[in-house]
Amino acid sequence: MKIILLIVGLVIGAAAGWFTAPNAVDIDVGGVSLEVEGSGDGGAMVSADRQNGVEVSIGRRSVFDDRNTRTAIFAAIGGLIGLIIGFAADRRRRV
């Protein structure tokens, strides 16, 4: 029961992290690569010309802005919640 709830928590957490991640737009023109990320709060991050490392940041960056990192964090939290629920359900069944 614990393993099933752990897996369900991982899947639900990963889906929640993936589908709620902020959108990003990548534009490549010649030698210039432009990436714009933004969310509803008005913050944005612009990277231009990655070869020279020019980066302009407006607003604040968060670890939750990267879709893969966000998905991993949400999956870990979901898995932990699923495991806790599994232990609670197993304890109730024994008593």
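Rules and cut-offs
Each chain carries its own residue numbering, running from 1 in the written order of its sequence. In keeping with the model being predicted, local features are shown solely for residues with a pLDDT of at least 70 and side-chain atom pairs are shown and tallied solely at 80 or more, while totals for entire chains, interfaces and linings include all residues. Water and hydrogen atoms play no part in the side-chain values, which are based on all heavy atoms of the structure. Only DSSP runs of H or I reaching four residues or more are called helices, and only runs of E reaching two or more are called strands; each is numbered from the N terminus. Ring pairs shown here join Phe, Tyr and Trp side chains whose ring centres sit within 6.5 Å, with only the six-membered ring taken for Trp; geometry is labelled stacked below 30 degrees between planes, edge-to-face above 60, and tilted in between. Two conditions define a charge sitting above a ring: the NZ of Lys or the CZ of Arg must be within 6 Å of the ring centre, and it must be within 35 degrees of the ring normal. A pair is scored as a salt bridge if a Lys or Arg side-chain nitrogen falls within 4 Å of a carboxyl oxygen belonging to Asp or Glu. Exposed residues in this analysis have more than 50% of their type's maximum accessible area, buried residues have under 20%, and partly exposed residues fall in between, with area computed by a 1.4 Å probe over protein chains only. What a helix is expected to span follows from its residue count: subtract one and scale by 1.5 Å. This arc describes the spread of directions from the helix axis toward the C-beta atoms. What makes two residues a contact is simply this: any of their non-hydrogen atoms within 4.5 Å.

How would you explain the environment of Phe 87 if you had to name every residue and give the values?
As for its position among the elements, Phe 87 is in helix H2 (residues 67–94). Linking Phe 87 and Met 1, residues 86 residues apart in sequence, is a C-alpha distance of 8.5 Å.

Quick rundown of the environment of Ile 4? Include the residues and the values.
Tracing the sequence through the fold places Ile 4 in helix H1 (residues 2–19). Separated by 78 residues in sequence, Ile 4 and Gly 82 have C-alpha atoms that sit 8.3 Å apart.

Outline the packing of aromatic side chains, supporting the account with residue identities and numerical values.
Inspection of every chain in the model, using the stated rule, returns zero aromatic pairs. Positioned above the aromatic ring of Trp 18 is the side chain of Arg 67, whose terminal nitrogen or guanidinium carbon lies 4.4 Å from the ring centre.

Which residues make up the pattern of salt bridges, and what values go with them?
Following the criterion strictly, the structure yields one salt bridge and no others. Note that Lys 2 is salt-bridged to Asp 90, the shortest N-O span being 3.5 Å. Residue Lys 2 is located in helix H1, and its partner Asp 90 is located in helix H2; the two are separated by 88 residues in the primary sequence. A relative accessible area of 26% places Lys 2 in the partly exposed class.

Run through H1, naming residues and quoting values.
Helix length check: H1 (18 residues) gives 26 Å between terminal C-alpha atoms against 26 Å at 1.5 Å per residue, within 8%. Of all the positions in H1, only Gly 9, Gly 13 and Gly 17 are classed as buried. Axial view of H1: buried residues confined to an arc of 60°, hence all on one face. Turned more than 90 degrees from where H1 packs its buried face, Ile 3, Ile 4, Val 11, Ile 12 and Phe 19 sit exposed. Where H1 is buried, its residues meet H2.

These figures come from the coordinates and say nothing about function on their own.
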